[in-house]
Amino acid sequence: MAVVRKAREKDFETVSNLFPKFNNSQLTLEHWKRLFQDPWNCNEDYFGYLLDDGKKAVGFLGYIFSRRQINGMERMFCSLTSWVVEDEYRSQSILLFLPGLKLKEVTLTIFTASKLTFDVTKKLGFKELETHLRIIPPWPSLKSEQKLVVNEKEVRDALQPEDLQLMLDHSHLSCRNFLVLSSYGNCHIIVTRTFRKNIPFAYVHYLSNYRVFFKSLDAIKSKLCMEMKAVSILVEERYLEGTPFAFSYKYTLPQATLFKSDVLDVSEIDSLYSELVVLNF
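The residue count restarts for each chain, going from 1 along the sequence in the order it is written. The predicted nature of this model means local features are confined to residues of pLDDT at least 70 and side-chain atom pairs, given and counted, to a pLDDT of 80 or more, with totals for whole chains, interfaces and linings taken over all residues. Only hydrogens and water are set aside when side-chain values are computed; all heavy atoms of the structure are taken into account.

A. How the structure looks around the overall build of the protein chain. Counting from the N terminus, the helices are the DSSP runs of H or I reaching at least four residues and the strands are the DSSP runs of E reaching at least two. Each helix and strand in the protein chain was counted, giving eight helices and 12 strands. C-alpha atoms define the radius of gyration in this analysis, and the globule rule sets the expected value at 2.2 Å times the number of residues to the power 0.38. A globule of 281 residues ought to have a C-alpha radius of gyration of about 19 Å, and the protein chain, at 19 Å, matches this closely. With the C-alpha coordinates of the protein chain rotated into their principal frame, the extents come out at 65 × 35 × 35 Å. The criterion used for residue contact is that any of the two residues' heavy atoms lie within 4.5 Å. For the protein chain, long-range pairs separated by at least 24 residues make up 71% of all intrachain contacts whose partners lie at least 6 apart in sequence. Residue-level accessible areas treat just the shown protein chains as cover; the underlying method is Shrake-Rupley with a 1.4 Å probe. When the accessible surface of the protein chain is split by element, carbon and sulfur atoms take 51% of a total near 14000 Å². Averaging the positions of the 36 positive and the 34 negative side-chain charges in the protein chain gives two centres separated by 3 Å. For the purpose of charge, His is not counted, nor are the chain termini; Lys and Arg are scored as positive and Asp and Glu as negative. In this description, the location of a charge corresponds to atom NZ of lysine, CZ of arginine, CG of aspartate or CD of glutamate.

Right under this line is the structure:
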């Protein structure tokens, strides 16, 4: 029987033999190594849990910790990711999740659930966060007064302290920051370039004002896609609040994203501090 213990930085080489099981050619060992770092300086001394049979790691679940200001209060998050267990130890898989359920006032998220992960975590009390993405191609639009600021220094100089902190927190990752300027308000956008079936998309992880974003989208979408070298924009459907977009497409996620929280609701949770950004899925 394997033993469950905290996965620390020194355990990366032990755990790395499990990652090829994900069969994801876009993720190298350097990507996986990010799971054993502390990207947002939370000073936790571990990066998840592993199953150890005494000779090698036979299971792993990554815990990515972060702290954010939500409505003026500091909240703790933990993104659960990369659940993998050797076949002969599957009966012990659930043991990797149990420590996370004991974390106090910590919002747990899962953005890359498999069918098995979805079924298991739903039974553990996780709720659905998002079920669809909206694919918005950069069709040409009429000239408009809205402006997309793409220069990082100009964006940084214009941001309010809370948004500036988000930008600084992700400066070491593959994120781009943009700012929409309009007569009805501004919107800070944080985006990564991701691939779906080898097609590049601009994945929107954060919007400081999503109503401004969607009012401005027709005017900025071509420039945003050009800057990201992407064929279309990906946005979580829940942000649209039913807003129709001509020539856009609704994409059903293979499994819904999930969360478990006693302190936050759906509207206060996004994917910015998650494995989607750390691993650049």
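From this point, the narrative continues.
B. Representation of empty space enclosed by the protein. Two kinds of site are reported from a 1 Å grid over the protein atoms alone, namely cavities, where a 1.4 Å probe fits but cannot get out, and pockets, open sets with protein on both sides within 12 Å along at least five of seven lines, and residues are called lining when an atom falls within 4 Å of a point. Grid points are joined across faces, edges and corners, and a volume is the space filled by probe spheres set on the points. Taken as a whole, this structure holds two cavities of 30 Å³ or more when the rule is applied. Taken as a whole, the largest cavity encloses approximately 90 Å³ of empty space. Along its surface, the largest cavity is lined by 13 residues, and Q37, P39, F47, Y63 and F65 are the ones closest to its centre. Element by element, the count of residues in the lining of the largest cavity is highest for strand 3 (residues 57–70), at three residues. Each residue belonging to the lining of the largest cavity can be placed in one class, and the counts come to nine nonpolar, one polar and three charged. Sort the elements by how many residues they give to the lining of the second largest cavity and strand 4 (residues 73–85) lands first, with three residues. Asp, Glu, Lys and Arg are counted as charged, while Ala, Val, Leu, Ile, Met, Phe, Trp, Tyr, Cys and Pro are counted as nonpolar; the rest, among them Gly, fall into the polar class. When grouped by side-chain class, the residues that make up the lining of the second largest cavity number five nonpolar, three polar and two charged.

C. Spotlight on the layout of surface pockets. In this model, the largest pocket occupies a volume close to 1300 Å³. Residue lining of the largest pocket: 46 residues in total, with N24, T112, A113, P254 and F281 positioned closest to the centre. For the lining of the largest pocket, the secondary structure elements donating two or more residues are strand 4, helix 4 (115–123), strand 6 (127–136), strand 9 (185–196), strand 10 (199–207), strand 11 (232–236), strand 12 (249–260) and helix 8 (275–278). Looking at the lining of the largest pocket, the element that brings in the most residues is strand 4, giving six residues. Of all elements in the fold, only strand 3, helix 6 (161–169), strand 10 and helix 7 (210–228) reach the threshold of two or more residues within the lining of the second largest pocket.

D. Molecular detail of the nonpolar core. Buried residues of nine kinds, namely Ala, Val, Leu, Ile, Met, Phe, Trp, Tyr and Cys, make up a nonpolar core once their side-chain atoms join them within 4.5 Å. Residue burial is assigned from relative accessible area. The probe radius is 1.4 Å, only protein chains are included, and a residue is buried under 20% of its type maximum, exposed over 50%, and partly exposed in between. Residues V15, F19, W32, L35, F36 and F60 are the most contacted members of the largest nonpolar core, which totals 41 residues. Looking at which element gives the most residues to this core, the answer is strand 3, with four residues. For F36, the residues in contact, after removing those within four places along its chain, are A7, R8, E9, D11, F12, V15, F19, F47 and F60. Counting 26 residues, the second largest nonpolar core, distinct from the first, contains Y63, F65, L96 and F118.

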